[in-house]
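# Architecture at a glance
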Amino acid sequence: QVQLVESGGGLVQPGGSLRLSCAASGSIFSIYAMAWYRQAAGKQRELVAYITSGGGTNYADSVKGRFTISRDNAKNTMYLQMNSLNPEDTAVYYCNAARVVVTTKGQDRDYWGQGTQVTVSS
């Protein structure tokens with residue numbers, strides 16, 4: 001059984017940086033592909049980035065060059081380093097552990113964190 005808890009969200013000015021963390025319980029953390037999703041008010045949830053159990057990564061076009069996803073299997077923790085933030089990045093960010101495969105919107109049977117709010121505003 002995997003439990004996920006996000007942290008690190010908050011209010012930041014445009015151009016600023018934040019690092020999100022996702023702490024996972026369970027000894028099987030290392031076998032899952034992990035992903036960050038986000039959902040802005042009034043919009044559908046979207047895949048931001050994912051990292052495979054082997055360390056391969058993929059990013060949405062909107063965050064390429066600005067965000068970096070990483071994982072530390074020894075600490076059962078995944079991270080999202082977010083640089084050059086802009087107001088369009090404002091959303092609730094969700095940690096996800098894919099039960100089978102990473103999908104564009106995520107699946108109900110995946111493991112999900114409760115979300116952390118990121119607000120980019122002057």
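About the criteria used
- Residues numbered from 1 in each chain as written.
- Predicted model: local features only at pLDDT ≥ 70, side-chain atom pairs only at ≥ 80, totals over all residues.
- Heavy atoms only, no water.
- Helix = DSSP H or I, 4+ residues; strand = E, 2+ residues; numbered from the N terminus.
- Buried < 20%, exposed > 50% of the residue type's maximum accessible area, 1.4 Å probe, protein only.
- Salt bridge = Lys/Arg side-chain N within 4 Å of Asp/Glu carboxyl O.
- Pairing = 2+ DSSP bridges.
- Axes fitted to C-alpha atoms, helices over the stretch in contact; angles between N-to-C directions.
- Disulfide = S-S within 2.5 Å.

### Brief notes about unusual backbone geometry
Here Asn-76, not a glycine, exhibits a phi torsion of approximately 50°, which is positive. Along the chain, Asn-76 falls in the loop between strand E7 (67-72) and strand E8 (77-82). Residues other than glycine seldom take positive phi values, yet Ser-84 does so here, at roughly 50°. On the secondary structure map, Ser-84 appears in the loop between E8 and strand E9 (91-97). By relative accessible area, Ser-84 is classed as partly exposed at 42%.

### Regarding the pattern of salt bridges
Evaluation of the coordinates by the stated rule reveals four salt bridges. A salt bridge links Asp-89 to Arg-38; its shortest N-O distance comes to 2.9 Å. A residue pair is termed long-range when its members are at least 10 positions apart, and Asp-89 in the loop between E8 and E9 and Arg-38 in strand E4 (residues 34-39) qualify at 51 residues. Overall, the relative accessible area of 1% leaves Asp-89 in the buried class. The partner of Arg-66 in a salt bridge is Asp-89, and the shortest N-O contact between them spans 2.8 Å. Taken together, the positions of Arg-66 in the loop between strand E6 (57-59) and E7 and Asp-89 in the loop between E8 and E9 put the pair 23 residues apart, joining distant regions of the chain. Considered together, Arg-66 and Asp-89 belong to a single accessibility category, that of buried residues. The structure contains a network of salt bridges with shared partners spanning Arg-38, Glu-46, Arg-66 and Asp-89.

### Considerations on the sheet that holds E7
What links the strands of a sheet is backbone hydrogen bonding, and the strands pair in either a parallel or an antiparallel sense. Spatially, the four strands line up as an open sheet ordered E1-E3-E8-E7, and their pairing is antiparallel. Every interior strand has two partners, whereas the edge strands, strand E1 (3-7) and E7, have only one. Adjacent strand axes in the sheet meet at a mean angle of 15° when their direction is disregarded.

### Describing the state of the cysteines
For the structure shown, the criterion picks out one disulfide. Paired by a disulfide, Cys-22 and Cys-95 hold their sulfur atoms 1.9 Å apart. On the S-S bond that ties Cys-22 to Cys-95, the torsion sits near -75°, and the link is left-handed. Of this pair, Cys-22 sits in strand E3 (residues 18-25) while Cys-95 sits in strand E9; the two residues are 73 residues apart in sequence, bridging distant segments of the chain. Each of the two residues, Cys-22 as well as Cys-95, counts as buried.

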